[in-house]
Every structure is written in structure tokens, then in C-alpha cells.
Amino acid sequence: MELRNYMEEAVKDTLDSVLKDLDVCKCEKCRLDIMALTLNSLPSKYYVTEKGELYNKVNELKRQFEVDIISKITQAAYFVNEHKHHGEDHA
């Protein structure tokens, strides 16, 4: 059995599709900062799963939180882009 945070999985799965449409830095450091900021602004939703078996509530949660996840990723991406932790020449 494993304990998983649905929001972490959902943010990871959604990140690339949101970032591709934004004019922000997409380096690994900024991506991780965006994920951390996004996850800190969303409620944790933990579930228990057998190894590899997804709990059936995940699809319901995805529909419920999809708009919030996209919105929070977008907000975090613009914030991180304005407050980069690396040099301006790094894109």
C-alpha cells in the first residue's frame, strides 16, 4: 500500500500543458519552484492505493480541481518568472 497526494500527481500531469502556453522560464529550477508554489496554494488530497492501482476517486477529484490546478499553476509561473533564482541569461 502507498500513501499518495493526488494534488502532486495532478500538478505534475498538468504542468507542461499549462507552461507551454506561457511566456515564462521553463528551466528545471523554475519548474520545481512553480510546482512547490502551486502545491502550497492547493489543499492536499491524500489517498491510499495498492502498488500501481489508482484509487477510483482520482478521476472525480481531477474534474473537481482541474480549474483550480490550472489557475494556481499559471499564477505560480508568473510569480516565479518575476522572482527567478537564477541569472537572466538562463532561459
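Residues numbered from 1 in each chain as written. Predicted model: local features only at pLDDT ≥ 70, side-chain atom pairs only at ≥ 80, totals over all residues. Heavy atoms only, no water.

1. Let's talk about the confidence of the model for the chain
Residues with a pLDDT of 70 or more make up 85% of the chain, whose mean pLDDT is 86. Ranking the elements of the chain by mean pLDDT puts strand E2 (residues 46–49) last, at 80, and helix H2 (residues 28–40) first, at 97. (pLDDT = per-residue confidence, 0-100. Helix = DSSP H or I, 4+ residues; strand = E, 2+ residues; numbered from the N terminus.)

2. Here we look at the packing of helix H1 (residues 6–19) against H2
Here H1 crosses H2 at 130 degrees, and the two axes come no closer than 10 Å. One finds that H1 runs oblique with respect to H2. The handedness of the crossing between H1 and H2 comes out as right-handed. Between H1 and H2, the contacting residues are Met-7, Glu-8, Val-11, Lys-12, Leu-15, Asp-16 and Leu-19 on the first element and Arg-31, Ile-34, Met-35, Thr-38 and Leu-39 on the second. Taken together, the residues of the contact of H1 with H2 break down into 7 nonpolar, 1 polar and 4 charged. (Axes fitted to C-alpha atoms, helices over the stretch in contact; angles between N-to-C directions. Parallel < 35°, antiparallel > 145°, perpendicular 65-115°, else oblique. Left-handed = near helix turned anticlockwise from the far one by under 90°. Contact = heavy atoms within 4.5 Å. Nonpolar A, V, L, I, M, F, W, Y, C, P; charged D, E, K, R; others polar.)

3. A closer look at the pattern of salt bridges
Per the counting criterion, the structure on display carries 6 salt bridges. Note that Arg-4 and Glu-9 form a salt bridge whose closest N and O atoms lie 2.7 Å from each other. You can call Arg-4 partly exposed: its relative accessible area is 29%. Residue Asp-21 is joined to Lys-20 by a salt bridge in which the shortest nitrogen-to-oxygen separation is 3.3 Å. Given a relative accessible area of 58%, Asp-21 falls into the exposed group. (Salt bridge = Lys/Arg side-chain N within 4 Å of Asp/Glu carboxyl O. Buried < 20%, exposed > 50% of the residue type's maximum accessible area, 1.4 Å probe, protein only.)

4. Here we look at a nonpolar patch on the surface
Taken together, Met-1, Leu-3, Tyr-46 and Val-48 make up a surface patch of nonpolar side chains, about 490 Å² in accessible area. One can find Met-1 in the segment before strand E1 (2–5). (Patch = residues over 30% accessible without salt bridge, like charges linked within 9 Å, V, L, I, M, F, W, Y side chains within 5 Å. Areas by Shrake-Rupley, 256 points an atom, 1.4 Å probe, with all protein chains shown as cover.)

5. As for the state of the cysteines
Overall, the coordinates contain 0 disulfides when judged by the stated rule. Of all cysteine sulfurs in the structure, the one in Cys-27 sits closest to Cys-25, which takes part in no disulfide; the separation is 3.7 Å. Judged by relative accessible area, Cys-25 falls into the buried class, the value being 8%. For the unlinked cysteine Cys-30, the closest cysteine sulfur is that of Cys-25, found at 3.8 Å. (Disulfide = S-S within 2.5 Å.)

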